[in-house]
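So you can see what is in the structure, the chains are spelled out below.
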Amino acid sequence: MPIQFLGILIQKKIYGGLFSEDKCWYRCKVLKIISDEKCLVRYIDYGNTEILNRSDIVEIPLDLQFSSVAKKYRLWGLQIPSGQEVTQFDQGRTFLGSLIFEKEIKMRIKATYQDGTVIAQAEYGSVDIGEEVAKKGFAEKCKLTSSTNTCEEKKSDPGQLVLRNLKSPIPSWGHRSNQSAFTRPKGRLSGRMTLDLKNENDAGNHVTFPKENLAVGDFNLGSNVSLAKIKQDQKLIEENERLKTEKEVLLESYKVLESKVEQTAQELQQEKATTMDLTKHLESTLKTHVGTRMENLAAKVEILKEIRRVNISVRFGNDLSDAMQVLDEECFTTPASLPELERIWAEYSLAQENIQTCENVSEGNILIAKRNEVQQKLNMAVEVFILEVDELPLNKRLKTLQDLSTSLEAVYGQAKEGTNSEETLKKFYDWKCDKREEFTNVRSETEVSLQRLVAWFQNTVKAFDLSVEESRTSEDTISSLDEILEKTESSVCKELEISLVEQGDADKEIILNTYSQVLQKIRSEERLIAAIQSKYEDSIEFKKQIIECLNKNPNVDHLLSIKKTLKNLKARLRWKLVEKNNLEESDDYDGSEIEKIKQEIAQLRNSVFQEIYREQEEYEKLNSLVQKWFPELPLLYPEIGLLKYMNSGGLLTMSLERDLLDAEPMKELSSKRPLVCSEVNGQIILLKGYSVDVDTEARVIQRAAAYHRAWRKAKEESGLLPLIFLFLCKSDPMAYLMVPYYPRANLSAVQASVPLTSEEALKVMKGVAQGLHTLHKADIIHGSLHQNNVFALNREQGIVGDFDFTKSVEPDYFPKWLHLFTFSSAVYEDFSFSTFLLTFYCLSSSFLTSSQRASVNMVIGDLSLISPELKMGKPASPSSDLYAYGCLLLWLSVQNQKFETNEDGIPKVDQFHLDHNVKSLLYSLIYCRSSMTAEQVLNAECFLVPKGKSTPNPEKDTEYTQYKEKEELKMENLDKYKEKTRNDEANSD
């Protein structure tokens, strides 16, 4: 007899269970503990389930703890219909038994659930067992997920009569009447099924159901233990589960209610403690209530007094009302004579323009006569206007408006833009009246309340004065105190709120809109006064000039006199030059005589240049007269060349000639065009020669004039190389440009000798950026910025050199073979004359265009200064100038380090360790040029951040000093050599 199990049941453990029908013991597993007395078990060697008492479950020996014999199969793709009757279910089970009775069934395993249930497709020959059962209507098809061996079986509806869910007290194949087929096991199963499992690709597993184990009678419900008992057990289980669930819900509700009760008790205790504290506080405060209340009221009244002493007109826009009153009462209107003056002045300007564009002298005289008539009218209109304006207090009114706008801006700040609207002003006046009325009522109410309080105090004094015989009841004097105090406090607080609390958004909007309107009116009147004053100044100037120039032409005799003097001086200079040459070529060479003539020649040259400067000053005066009063001067006096002077921007001179200068040819720099060096008024200059024709001459003058105008606006601050003179050669088709000479100051020469430090490089490149900004602002594109036409003056001031004024900046296509040649820089090269070395010039001049020659200078070692768009044939632009600038800055920053470039030839900046601000600027210049301008470069952080005082470098300073002394010695020796050469040539002659 097995030992009854009295401990805790473990679901995974195998026990012995007393089967209710035959009262025999079979191996089982506990599926569910229903109550303390009932458990649901499964007989693992048969597959059926049953509800047993705890007393019917016992421990079994370890040698019986082996795997179950029965396996649970389910036909793949089938399920029991939910509404199937018991009779139909029994018929279906009998039909299934007839299909597998004494047959070798091939099982195709589809899946295995976690509880061990095998989902399989059963076949006998070509017959699909599941399909046959479904055809008879005993089951219906369903969708089963093809899952792994770990998938869980879906829970079926309670109504479905699925064998695996039946809590039947009999084995799963039916009634156990055939006892021979099911011998009761005592640790083994004598009549268990034999399984023939074959692993055949897709043939599946073959399961044989032998006759002795599967009799037809096994599928008949031949006993009283039937589906009805199964349903009854199922109902008991479900009822038990429902009651258990209700118990758990009630228990949870009990815990929640218990927690709420505890929380409420704690809150009640806290509230009780708070109430006690409040009671104690009230008891203590009541003792000093009257004194505290009076003290608070007195403090508020004191604040109110201070507020009333301060002007609060701003809160109600009184300052705006006063400003509008000032604008309306003393508003300036346009002078009556101004419209007529402007009409006549416009007529006069048109007459001047007609004279300026006239090219025929006869027609010009007619236009001048008409202009003079209009001039007379304008003179009279000017006089009337001046008299009228003299009577107007313009300066006083302007000062009033400026003070008014300053005071309003100090209160309201920046005004928002808006249009003039009378509706805005009307809305402001209505709002102001309402606010003023409200404030007046509140202030009156405050004063009345305080007077009542003062009167109460006076009566109270009598009530408590023992010397007063008149009797008063306490009700007459004391009873009204609470009401008086309440009213007084309310009135005082209301006035304080109006005075101190910030205005609402609606009030602010009304005030700011009105302020905007007032400020617009002030600005409008200021503009009118400024226009009147400007026209007044023009009228005064016109009247002053007209007195001198009316009815007579301006005098050009002084200019002609200067030209005559210049002509005589140049003739004398030429004669002296001839004398000098004759003496030098004569046999009886007299050194003292020649030296005397040289001194005379030097004096004559100085006199010539002094007269040229006087001539330029006179031209400038005449140019000013042409621009303002007498546009007819170039037409009436074509011989003085005033129009050419004006077109050249004051750069062109007709009095200077090449042979008047003591010029030394710069052979090392004249690889393409003649370049000579000379000295003018103590300044060393270079003369650049341009071969010109009729079209080229006009183009050179036009482009040089544009460059010169750009320089003249800022001069030394422009960052550009200045142009001194432009003159044309009378004997040859040549144009000469005179510029300052800076020996070995270009970047190429500086870096080859004593390279710039990082701080010096930034100073120089800031000046270069200023030069590009000056050019771009004047719509001028340099087009060929490189190391030979950027100069570092005194190693700290960078300037941009001029370019070839004979050509446009439209680039030719650059030859692909240019990179095969290596170039060296000369002593001084800019774009106009910095061409190739003489040897390379001889090699390439026959098949290179001027742009292609210039492109050779646009290379520094492996670094090309030509932007990608120029290489593709696109025109030069400010962006291409900035690209060249960025490459120069990179070159100066890294000096002799090797450059890496991408496939487009753009240098890579990441490879170098540079200052963060410098690297950021280089990124913008080289990679993001489309969004950069020269002005933005000037404002870059690396130029704006003040650098600390650099530590002196004695070695660097010594090196630079030695280099400078060496260069000066070389120049001195060069001058001595030239002088000796001249003397030798004279002696040999």
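All figures in this text were calculated on a predicted structure; none of them were measured in a lab.

Engineer: Help me get a handle on the overall build of the protein chain, residues and values and all.
Structural biologist: Of regular secondary structure, the protein chain possesses 27 helices and 22 strands. Looking at the protein chain as a whole, 42% of its 989 residues are labelled buried. Of the contacts made within the protein chain by residues no fewer than 6 positions apart, 73% connect residues no fewer than 24 positions apart. Looking at the protein chain as shown, the accessible area adds up to about 56,200 Å², and 52% of this sits on carbon and sulfur atoms.

Engineer: Could you give me a rundown of the pairing of strand 1 (residues 14-18), with the residues and numbers involved?
Structural biologist: In terms of residue burial, strand 1 counts as a mostly covered element, since five of its five residues are buried. Here strand 1 shows two buried faces, one formed by Ile 14, Gly 16 and Leu 18 and the other by Tyr 15 and Gly 17. Here strand 1 folds back onto strand 2 (residues 25-33), and the loop between the two strands holds six residues, one of which, Lys 23, carries a positive phi near 55 degrees. Bridge analysis of strand 1 against strand 5 (residues 57-58) gives two bridges, and the strand direction is antiparallel. The partner of Gly 17 across the bridge, within strand 5, is Ile 57.

Engineer: Outline the pattern of salt bridges, supporting the account with residue identities and numerical values.
Structural biologist: Applying the stated rule across the entire model yields 30 salt bridges. Here Glu 59 and Lys 13 are joined by a salt bridge, their closest N and O atoms 3.1 Å apart. Here the residue Glu 59 occupies a position in the loop between strand 5 and strand 6 (73-75), and Lys 13 occupies one in the segment before strand 1, the gap between them amounting to 46 residues. Overall, the relative accessible area of 28% leaves Glu 59 in the partly exposed class. Asp 90 serves as the salt-bridge partner of Arg 93, at 3.7 Å between the closest nitrogen and oxygen. One end of the pair is Arg 93 and the other is Asp 90, both in helix 1 (residues 86-100) and three residues apart, which spans about a single turn. Take Arg 93 and Asp 90: they sit in the same class, and that class is buried. Through salt bridges with shared partners, one network takes in Lys 570, Arg 574, Glu 657, Asp 659 and Lys 730.

Engineer: Residues and numbers for the environment of Gln 770, please.
Structural biologist: Mapped onto the elements of the fold, Gln 770 is located in helix 19 (residues 758-777). Judged by its relative accessible area of 23%, Gln 770 is partly exposed. When sequence neighbours within four positions are dropped, the list of residues in contact with Gln 770 reads Glu 717, Ser 718, Gly 719 and Leu 938.

Engineer: Requested: an account of the sheet that holds strand 14 (residues 664-665), with residues and values cited.
Structural biologist: Taking strand neighbours across the sheet as the criterion, the five strands line up as 14-15-16-18-17 in an open arrangement whose pairing is antiparallel. The open sheet has two edge strands, strand 14 and strand 17 (725-728), and neither has a second partner. Of the pairings in the sheet, the one linking strand 16 (residues 683-691) to strand 18 (residues 734-740) comprises seven bridges and is antiparallel in character. Counted as the bridge partner of Ile 685 is Pro 740 from strand 18. On top of the sheet, helix 14 (residues 591-628) reaches strand 15 (675-680), strand 17 and strand 18; it is set at about 100 degrees to strand 17, its chief contact.

Engineer: Provide a residue-level description of the environment of Cys 942, including the pertinent values.
Structural biologist: By secondary structure assignment, the location of Cys 942 is in helix 26 (residues 941-944). A sequence separation of 24 residues divides Cys 942 from Val 918, and the C-alpha atoms of the two residues are 5.7 Å apart.

Engineer: Give a description of the nonpolar core that names residues and reports values.
Structural biologist: Among the nonpolar cores identified, the biggest contains 80 residues, and Leu 785, Phe 805, Tyr 885, Leu 921, Val 937 and Phe 943 are the most heavily contacted of them. If near-sequence neighbours (up to four positions away) are discounted, Tyr 885 is found in contact with Met 765, Lys 766, Val 768, Ala 769, Leu 772, Leu 785, Leu 925, Val 937 and Phe 943. Residues Leu 320, Leu 425, Ile 511 and Ile 546 belong to the second largest nonpolar core, which totals 49 residues.

Engineer: Outline the state of the cysteines, supporting the account with residue identities and numerical values.
Structural biologist: All told, the structure shown has zero disulfides when counted by the stated rule. For the unlinked cysteine Cys 39, the closest cysteine sulfur is that of Cys 28, found at 9.4 Å.

Engineer: Could you give me a rundown of the sheet that holds strand 5, with the residues and numbers involved?
Structural biologist: Through backbone hydrogen bonds, the strands of a sheet pair up, either in parallel or in antiparallel fashion. With respect to topology, five strands assemble into an open sheet ordered 4-3-2-1-5, the strand pairing being antiparallel. Because the sheet does not close on itself, it has two edges, and the strands there are strand 4 (49-53) and strand 5. One ladder, built from five bridges, connects strand 3 (residues 38-43) with strand 4; its direction is antiparallel. Bridged to Val 41 within strand 4 is Glu 50.

Criteria and cut-off values
Residues numbered from 1 in each chain as written. Predicted model: local features only at pLDDT ≥ 70, side-chain atom pairs only at ≥ 80, totals over all residues. Heavy atoms only, no water. Helix = DSSP H or I, 4+ residues; strand = E, 2+ residues; numbered from the N terminus. Buried < 20%, exposed > 50% of the residue type's maximum accessible area, 1.4 Å probe, protein only. Contact = heavy atoms within 4.5 Å. Areas by Shrake-Rupley, 256 points an atom, 1.4 Å probe, with all protein chains shown as cover. Pairing = 2+ DSSP bridges. Salt bridge = Lys/Arg side-chain N within 4 Å of Asp/Glu carboxyl O. Axes fitted to C-alpha atoms, helices over the stretch in contact; angles between N-to-C directions. Core = buried A, V, L, I, M, F, W, Y, C linked by side-chain atoms within 4.5 Å. Disulfide = S-S within 2.5 Å.

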